[in-house]
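Examination of the molecular architecture
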Amino acid sequence: VQLQAYGGGLVQAGDSLRLSCAASGGTFSTYTMGWFRQAPGKEREFVAGISWSGGGGATYYAISVKGRFTVSRDNAKNTVYLQMNSLKPEDTAVYYCAAVPFGIVYVTQNYRIWGQGTQVTVSS
């Protein structure tokens, strides 16, 4: 499967933004999907994930975003979304979508298919 993330941009603190990741070339519903981010000078970190259909679409979030971000998927459109609300300057990063076939959503080290990133910049 190939992944294409988009929807990043420059917003102010407190604003909302929705990222999308379109998948192609595979059976989307069999992939657990995740969002990761990497800020300048920092390691890439897990943000949110949603399981494949056999996992019931379970979701999992990093503590830093829980309650502010929501991950969802539309299997008919082969797309996963990340709704980001109440954005903070510390959310500034390049956001990547990732996938793993039949993956367990919270086993973050197993995500192994990566799309290109989309920049999110939150100004204070």
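Residues numbered from 1 in each chain as written. Predicted model: local features only at pLDDT ≥ 70, side-chain atom pairs only at ≥ 80, totals over all residues. Heavy atoms only, no water.

**Structural notes on the environment of K42**
Along the chain, K42 falls in the loop between β4 (31-38) and β5 (45-50). Overall, the relative accessible area of 59% leaves K42 in the exposed class. When the C-alpha positions of K42 and A93 are compared, they lie 9.4 Å apart, and in sequence the two are 51 residues distant. (Helix = DSSP H or I, 4+ residues; strand = E, 2+ residues; numbered from the N terminus. Buried < 20%, exposed > 50% of the residue type's maximum accessible area, 1.4 Å probe, protein only.)

**A word on the packing of aromatic side chains**
The full count for this structure, using the stated rule, is 7 aromatic pairs. Centre to centre, the rings of F36 and W114 are 4.8 Å apart; their planes meet at 65°, and the pair counts as edge-to-face. Linking F36 in strand β4 with W114 in strand β10 (residues 113-114), this pair joins segments that are 78 residues apart in sequence. Given a relative accessible area of 5%, F36 falls into the buried group. Considering the side-chain rings of W52 and F102, the 4.9 Å spacing of their centres and the 90° angle between planes classify their relative orientation as edge-to-face. Pair noted here: W52 is in the loop between β5 and β6 (59-61) and F102 is in the loop between β9 (93-101) and β10, with a separation of 50 residues, a long-range link. Of the aromatic side chains, those joined through ring pairs into one cluster are F36, F46, Y60, Y106, Y111 and W114. The aromatic ring of W114 is capped on one face by R44, whose charged end is 3.7 Å from the ring centroid. (Phe/Tyr/Trp six-rings, centres within 6.5 Å; stacked < 30°, edge-to-face > 60°. Lys NZ or Arg CZ within 6 Å of the ring centre and 35° of its normal.)

**Examining the state of the cysteines**
In the structure shown here, the tally under the stated rule is 1 disulfide. The disulfide partner of C21 is C97, and the S-S distance across this bridge is 2.1 Å. The S-S bond linking C21 to C97 shows a torsion near 55°; that makes this disulfide right-handed. In this pair, C21 sits in strand β3 (residues 17-24) while C97 sits in strand β9, placing the two residues 76 residues apart along the sequence. Accessibility assignment for this pair places C21 and C97 in one class, buried. (Disulfide = S-S within 2.5 Å.)

**Description of the sheet that holds β3**
Taken together, 4 strands build an open sheet; the order of strands is β1-β3-β8-β7 and the sheet is antiparallel. Unpaired on one side and paired on the other, β1 (2-6) and β7 (69-74) mark the two borders of the sheet. Across the sheet, the axes of successive neighbouring strands diverge by a mean angle of 15°, strand direction being ignored. (Pairing = 2+ DSSP bridges. Axes fitted to C-alpha atoms, helices over the stretch in contact; angles between N-to-C directions.)

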